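# Analysis of the macromolecular model
Take a look at the letters that make up each chain.
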Amino acid sequence: MPNLLVYCKRGIFRRFKVNYFYLKEKIDFLIVSPGGCGTVTLIKYLDDFGKSNLYFEKKYKVFGTSHIYKPPKFFFKNNIKVILIKRDYEGIYNSMKSRGFIRNGLNVLGDLFPFMYINVFKDQKKLKQKYFRYLDKFYNNWSKYNKELVLEINYPNFYQDLDTQKKIKSFLSIKDETFLKNFPNFHKYNKSEDFSDPSTSLMRQIHNIK
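Presented here is an overview of the structure given in this document. (Residues numbered from 1 in each chain as written. Predicted model: local features only at pLDDT ≥ 70, side-chain atom pairs only at ≥ 80, totals over all residues. Heavy atoms only, no water.)

### A few points about the nonpolar core
If you look at the biggest cluster of nonpolar residues, it comprises 54 residues, and the most contacted ones within it are Leu42, Leu46, Phe75, Ile83, Tyr131, Trp142 and Ile168. Look past the residues within four positions of Tyr131 in its chain and what remains in contact with it is Pro34, Ile92, Tyr93, Met96, Ile102, Gly105, Leu106 and Leu109. (Core = buried A, V, L, I, M, F, W, Y, C linked by side-chain atoms within 4.5 Å. Buried < 20%, exposed > 50% of the residue type's maximum accessible area, 1.4 Å probe, protein only. Contact = heavy atoms within 4.5 Å.)

In structure tokens:
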């Protein structure tokens, strides 16, 4: 049990960091999702078009900007543009579960006891119900943000739908004519024995973790 208590500490720290989120520089936009929404590929692509998630995580070593579970006061004060990625809950849950991210995913969403139905009671049904409640909270929180500053897109549609890609281009006021031409295609992860999760690899790269 003592080893599991680190998740309580992380959850408290996460809540504090989200509530008092602050950056010294102007944010052009951020891409936000609860996880399991193909976020990493989009973040990498849009990094060339403004100061966004990667820029700030690399420069200031902040963690989890793409999974901020509610708009901080800093966003309201500075009119931060947000691309909010949505996906059906089953798809999100299955994606996170298949990559072993359920416990950490709950922690990032602000849960203080993400291990409760994994390590203590071992109840998959209640674990799933709990995760869905946190997804409800996540999207409900973001529904309260300024509608003019949020572009909602659906996964995996935005990788396949030209109209959605045009909306992203317009929302971010991108003038580069190659934006649509070079927009990344949708590729489902091939979870073989050699599979390296892109979000894990990216975090290790940013924070210099071996």
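### Topic: the side chain of Gln165
With respect to the helices and strands, the residue Gln165 is situated in helix α9 (residues 162-171). Reaching out from Gln165, the side chain makes a polar contact with the backbone oxygen of Tyr159 at a distance of 3.5 Å. Once residues within four sequence positions are removed from consideration, Gln165 is found in contact with Phe158, Tyr159, Gln160, Phe179, Leu180 and Phe183. (Helix = DSSP H or I, 4+ residues; strand = E, 2+ residues; numbered from the N terminus. Polar contact = N/O pair within 3.5 Å; in protein donor to acceptor, adjacent residues only side chain to side chain.)

### Some remarks on unusual backbone geometry
Note: most residues except glycine have negative phi, and most peptide bonds are trans. With omega at 0 degrees, the peptide bond leading from Tyr155 into Pro156 counts as cis. As for its placement among the helices and strands, Pro156 is situated in the loop between β3 (150-154) and α9. The backbone of Lys61 shows a phi angle near 55 degrees, a positive value even though the residue is not glycine. Topologically, Lys61 is positioned in the loop between α3 (53-60) and α4 (73-78). What makes Lys61 partly exposed here is its relative accessible area of 43%. In this structure, Asn79 is a non-glycine residue whose phi angle is positive, near 50 degrees. Checked against the element boundaries, Asn79 lands in the loop between α4 and β2 (82-86).

### Some remarks on the pairing of β2
Burial runs high along β2: 4 of the 5 residues are buried. The sheet contact formed by β2 and β3 spans 5 bridges and is parallel. Residue Ile85 lies in a different strand from β3, and its bridge partner there is Ile153. (Pairing = 2+ DSSP bridges.)

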